[in-house]
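Spelled out, the chains give:
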Amino acid sequence: MTLRQLLRKVFLIDFLEGFAITGPYTFKKVYTEQYPKVPAKVPPRFHGAPRLNVDPETGKTLCIACDLCAQACPIGLIEVQRERNAETKRWELKGYTYNAARCMFCNLCAEACPTNALELSQTFEYAVYDMKELYWDKAALEKGPTVVRFTK
Amino acid sequence: MGPQHPATHGVLRLKLVLDGEKVLDCEAVIGYLHRGIEKVVESQDYQQIPPHMDRIDYTAAVSNVLGYVEAVEKLMGVTVPPRAQYLRTLMTELNRLASHLIWLGTHALDIGAMTVFLYAFREREEILKVFEACFGARLTTHAFRIGGLAEDIPPGVLDKVREFTDYFPKRVAEYEQLLTGNRIWMNRTIGVGCISAEDAISFGLTGPSLRGSGVRWDMRRAKPYAAYADMDFEIPIGKNGDTFDRYLVRMEEMRQSNRIIRQALDRLPDGPVRAKVPKVIKPPAGEIYHAIEAPKGVLGYYIVSDGSSKPHRLRVRPPSYFNLAAIKKMIVGSLVADVVAVIGTLDIVLGEIDR
């Protein structure tokens, strides 16, 4: 051990070097996010709770019951109930269920949607007490989940 | 030791034979996190598989998906546009930083340096914010699609990344000042978990665990993929193959990744981000093996296609599985406290080992 190393050891230089890093942080800006108190902001592309969009003018659903989202889903959690209209030969949407409990938010369903009816919205606070509440039907998907904000 | 032990990084169980504090024998028991991903994907379309690949190594989801989509593209003969190649390189390197920062934080925490954990996660948070803005998710990002990216990255993100690359080397210097010269850190890591270059090669170690033993092997240089052929970077290697050398290798790798990100930002070409691929992907019948350098080592995908829209067989060569195999060689004869250091230095992810 050289004299230099000995002096470093005796005077605890390596620890003091560490404190030189950690010490100044006492006076720096705090990085932590105060999440439940301050609502978190997510970017526009965030994949959160699914939503079925409606036409803002007429209020009718944009879904054309093409079943592409159900076929695109890797888990198969979307169920589109549809019926062919005898007169117009078009599919008509009868019901729509989305099992949000199993969703892994890969966005493949929304990418498959030809009319932008299905979308993964920016809402992420939809924890519930019962898993059955995460089976969302058409009405629930159009309305979106109820977000309960943190209050003191 | 384990499977529910805070220092085993997941659900690893180690059967240790001890003489007092000395380790006489060791056997790793794995399989607690087996989800059967390789079997699950046999019933999935090719474009439905990337979300599952995210969940193999969940700390480096972007790298996993890159390996998979490049394997399928190779099988189909798709040429990816240059902008997509550069963005892939950029995002993969950011993910390498995120993965190494987790390693640094948890490894230092295991050995007893709490502060570095908080600092490392602060920087990782910035990277995850970039992923969130680009891909819509933080951890299991589903970043790439077959043929390129789903969509171009949003405006403003590149400036954030540039800002990050400006201050990141200073932060790495901070970690180094906290750890490299610290005598507790040196006593706990120097000479612990030694493995020679020959042993490392015969065990099939890859990534920083191999380079720590002094073998200059990196898939990014050996068989360039994405845009790595255009990038200028160095491959750091260690000398003694102990925990301290692997630590130094990873720290230097972080700086080199930062350099690659910088180059990718400077040379980012314009143009489309996705090649024309059919809606239903049906690669020709045949088989392909494609390997990339994931943060933990060489990650290989072996795909057997029978010409249908689903793979006949998909085999993943996970780096952590082979790295874990060397654990017996590394810890027999050392102390129980060193076992924690060796698990940390191997940088294993159990999701990848069990799949």
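Refer to the preceding data block for the structure.
My aim in this report is to walk through the structure given alongside it, one point at a time. Each residue is numbered by its place in its chain's sequence as written, counting from 1. Written order decides the labels, with chains lettered from A and ligands numbered from 1. In view of the model being predicted, local features appear only for residues whose pLDDT reaches at least 70, and side-chain atom pairs are presented and counted only at 80 or more, with totals across whole chains, interfaces and linings using the full set of residues. The side-chain figures draw on all heavy atoms in the structure; neither hydrogens nor water molecules are used.

1. Considering the state of the cysteines
Residue and element names in this part refer to chain A.
Part 1 of the reasoning: Put simply, a disulfide is two cysteine sulfurs that come within 2.5 Å. A full pass over the atoms with the stated rule returns zero disulfides over all chains.
Part 2 of the reasoning: Cysteine 106 provides the cysteine sulfur closest to cysteine 73, a residue in no disulfide bond, and the two sulfurs are 6.3 Å apart.
Part 3 of the reasoning: Each residue gets one of three labels from its accessible area relative to the maximum for its type: buried under 20%, exposed over 50%, partly exposed in between, using a 1.4 Å probe on protein chains only. Residue class for cysteine 73 comes out buried when judged on its relative accessible area of 12%.
Part 4 of the reasoning: With no disulfide of its own, cysteine 113 has cysteine 66 as its nearest cysteine by sulfur position, at a separation of 6.2 Å.
Part 5 of the reasoning: For cysteine 113, a relative accessible area of 14% gives the class buried.

2. Regarding the nonpolar core
Part 1 of the reasoning: Definition used in this section: a nonpolar core is a set of buried Ala, Val, Leu, Ile, Met, Phe, Trp, Tyr and Cys residues joined via side-chain atoms within 4.5 Å. Counting residues in hydrophobic clusters, the biggest one holds 104 residues, and the most contacted among them are B:Met53, B:Tyr68, B:Met91 and B:Phe144.
Part 2 of the reasoning: We call two residues in contact when some of their heavy atoms are within 4.5 Å. The residues contacting B:Phe144, other than those within four sequence positions of it, are B:Pro50, B:Val62, B:Val65, B:Leu66, B:Val69, B:Arg88, B:Met91, B:Thr92, B:Phe135 and B:Leu149.
Part 3 of the reasoning: In terms of nonpolar packing, the next biggest core, distinct from the first, is built from 24 residues, A:Cys73, A:Leu77, A:Tyr96 and A:Ala100 among them.

3. Some details on the interface of chain A and chain B
Part 1 of the reasoning: Listed by partner, the interface residues are 26 residues for chain A and 32 residues for chain B.
Part 2 of the reasoning: Summed over both partners, the accessible area lost on bringing two parts together, with a 1.4 Å probe, is the buried area. Regarding the contact of chain A and chain B, the summed buried area is about 2,500 Å², with carbon and sulfur atoms giving 51% of it.
Part 3 of the reasoning: Put simply, a salt bridge is a Lys or Arg side-chain nitrogen that is within 4 Å of an Asp or Glu carboxyl oxygen. Taken together, chain A and chain B are joined by three salt bridges.
Part 4 of the reasoning: Here a polar contact means two N or O atoms within 3.5 Å. Within protein one must be a hydrogen donor candidate and the other an acceptor candidate, and residues neighboring in sequence count only if both atoms are side-chain atoms. Where chain A touches chain B, the interface holds 14 residue pairs in polar contact (both at pLDDT 80 or more).
Part 5 of the reasoning: Sorting the residues of the side of chain A that touches chain B by element identifies helix H1 (3–10), helix H2 (13–22), helix H3 (68–72) and helix H4 (108–112) of chain A as the ones contributing at least two each.
Part 6 of the reasoning: Under the scheme used here, helices are H or I runs from DSSP no shorter than 4 residues and strands are E runs no shorter than 2 residues, and both carry numbers assigned from the N terminus. Ranked by residue count, the leading element in the side of chain A that touches chain B is H2(A), at seven residues.

4. What about a nonpolar patch on the surface?
Part 1 of the reasoning: For patch building, the residue pool is restricted to those with more than 30% relative accessible area and no salt bridge; the joining distance is 9 Å between like charges and 5 Å between nonpolar side chains (Val, Leu, Ile, Met, Phe, Trp, Tyr). Per-residue accessibility takes into account occlusion by the displayed protein chains alone, with areas from the Shrake-Rupley method and a 1.4 Å probe. The grouping of A:Leu3, A:Leu6, A:Leu7, A:Val10, A:Phe11, A:Leu12, A:Ile13, A:Leu16 and A:Phe19 at the surface amounts to a nonpolar patch, some 890 Å² of accessible area in total.
Part 2 of the reasoning: Per-element accounting of the nonpolar patch gives the leading share, four residues, to H1(A).

5. Details of the packing of helix H11 (residues 243–267) of chain B against helix H14 (residues 336–346) of chain B
Residue and element names in this part refer to chain B.
Part 1 of the reasoning: What counts as an axis is a line fitted to C-alpha atoms, over the stretch in contact for a helix, and the angles between N-to-C directions run from 0 to 180 degrees. Orientation of H11 relative to H14, taken along the N-to-C sense of each, is 30°, at an axis distance of 10 Å. Comparing their axes, H14 and H11 come out roughly parallel. Handedness of the H11/H14 crossing: left-handed. Contacts between H11 and H14 involve Thr243, Arg246 and Arg250 from the first element and Ala341, Thr345 and Leu346 from the second.
Part 2 of the reasoning: Of the residues in the contact of H11 with H14, the class split is two nonpolar, two polar and two charged. We call two directions roughly parallel when the angle between them is under 35 degrees, roughly antiparallel when it is over 145, roughly perpendicular when it lies between 65 and 115, and oblique otherwise. For a crossing to be left-handed, the near helix must be turned anticlockwise from the far one by less than a right angle; the clockwise case is right-handed. Under the scheme applied here, ten amino acids are nonpolar (Ala, Val, Leu, Ile, Met, Phe, Trp, Tyr, Cys and Pro), four are charged (Asp, Glu, Lys and Arg), and all others, including Gly, are polar.

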